[in-house]
Amino acid sequence: MSNSKNDKPSLTGQKLKTRKRDEREKYDSTAFRDVFFQGFLECGTDLEQITKWLDGSANKLDYRRYAEPLFDILFAGGILAPGGSILHDDDDSKVSRTDMCVAKVGQDQLKSFYEVFYKLIRRYKYLEKPFGDSLKKILQFLEGFTL
C-alpha cells in the first residue's frame, strides 16, 4: 500500500465556455437614448409613424430592460436626472432632448400621445408596471417644482 495520492486531472489547455445566459450586456441608457432619437428623427413629427417605429423596434431596443428611459423620453423629452432635470450629454454633437414629448405638446396632440402609450402598453404587457412607476416619478418631480 502506498500513501501517495494520485493527482487529479487538471483543465490546463482547455477553453472554458460561458453560457449565453451568463453573459450580460452592459446597461447603457445613453446609447438607448441616442438610438431612440435617431428613430424619432427618421419619423419626424408624425405620431402614427412614431408608433409604428416604436412597435417595430421593440426587440432591438429591449424595452423590458430600458423601460424607465423609454418613458422618460416619451414624457419629458429626455432621460431624467435625479431631481427632475433632463440629463445632458457632455458631447454637444449628440442630441440629448426632443420636442416630441408629452411635456412639449399642446392639448390637441395630448390625445394622440395617449394613443401611443395605449398601443405600447397593450402590445407589451410588461410595460404596465414601469409605466405606473414613471408616472409616479414624474408627478413627484412636478410636485417639487410647484412648491
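Residues numbered from 1 in each chain as written. Predicted model: local features only at pLDDT ≥ 70, side-chain atom pairs only at ≥ 80, totals over all residues. Heavy atoms only, no water.

(A) Just the side chain of Ser 29, in detail. If you trace the backbone, Ser 29 turns up in helix α1 (residues 29–43). For Ser 29, the contacting residues outside a window of four places in its chain are Tyr 66, Pro 69 and Ile 79. (Helix = DSSP H or I, 4+ residues; strand = E, 2+ residues; numbered from the N terminus. Contact = heavy atoms within 4.5 Å.)

(B) Region of interest: the packing of aromatic side chains. Following the criterion strictly, the structure yields 13 aromatic pairs and no others. Feature note: the residues Tyr 27, Phe 32, Phe 36, Phe 40, Trp 53 and Tyr 66 constitute an aromatic cluster, connected by ring pairs. A cation sits over an aromatic face here: Arg 64 above Tyr 126, 4.0 Å from the ring centre. (Phe/Tyr/Trp six-rings, centres within 6.5 Å; stacked < 30°, edge-to-face > 60°. Lys NZ or Arg CZ within 6 Å of the ring centre and 35° of its normal.)

(C) Region of interest: the layout of surface pockets. A volume near 240 Å³ is recorded for the largest pocket. Every residue lining the largest pocket is counted, twelve residues in all, and those nearest its centre are Phe 75, Ala 76, Ala 103, Ile 138 and Leu 142. Broken down by secondary-structure element, the contributors of at least two residues to the lining of the largest pocket are α4 (67–76) and α6 (128–146). Element by element, the count of residues in the lining of the largest pocket is highest for α6, at six residues. (1 Å grid on protein atoms, 1.4 Å probe; cavity = no way out; pocket = protein on both sides within 12 Å on 5 of 7 lines; lining within 4 Å. Points joined across faces, edges and corners; volume = space filled by probe spheres on them.)

(D) Structural detail: the pattern of salt bridges. On inspection of all chains with the given rule, the structure shows eight salt bridges. As a salt-bridge pair, Asp 55 and Arg 123 come within 2.7 Å of each other at their nearest N and O atoms. One end of the pair, Asp 55, is in helix α2 (residues 47–56); the other, Arg 123, is in helix α5 (residues 107–123), and 68 residues separate them in sequence. Asp 55 gets classed as partly exposed once you look at its relative accessible area, which sits at 34%. The shortest N-O distance in the salt bridge between Lys 137 and Asp 72 comes to 2.9 Å. Of this pair, Lys 137 sits in helix α6 while Asp 72 sits in helix α4, placing them 65 residues apart in sequence. The residues Lys 137 and Asp 72 share a single accessibility class, namely buried. Several salt bridges share partner residues, and in doing so they unite Glu 68, Asp 72 and Lys 137 into one network. (Salt bridge = Lys/Arg side-chain N within 4 Å of Asp/Glu carboxyl O. Buried < 20%, exposed > 50% of the residue type's maximum accessible area, 1.4 Å probe, protein only.)

Scope: geometric values only; no functional claims are made or implied.
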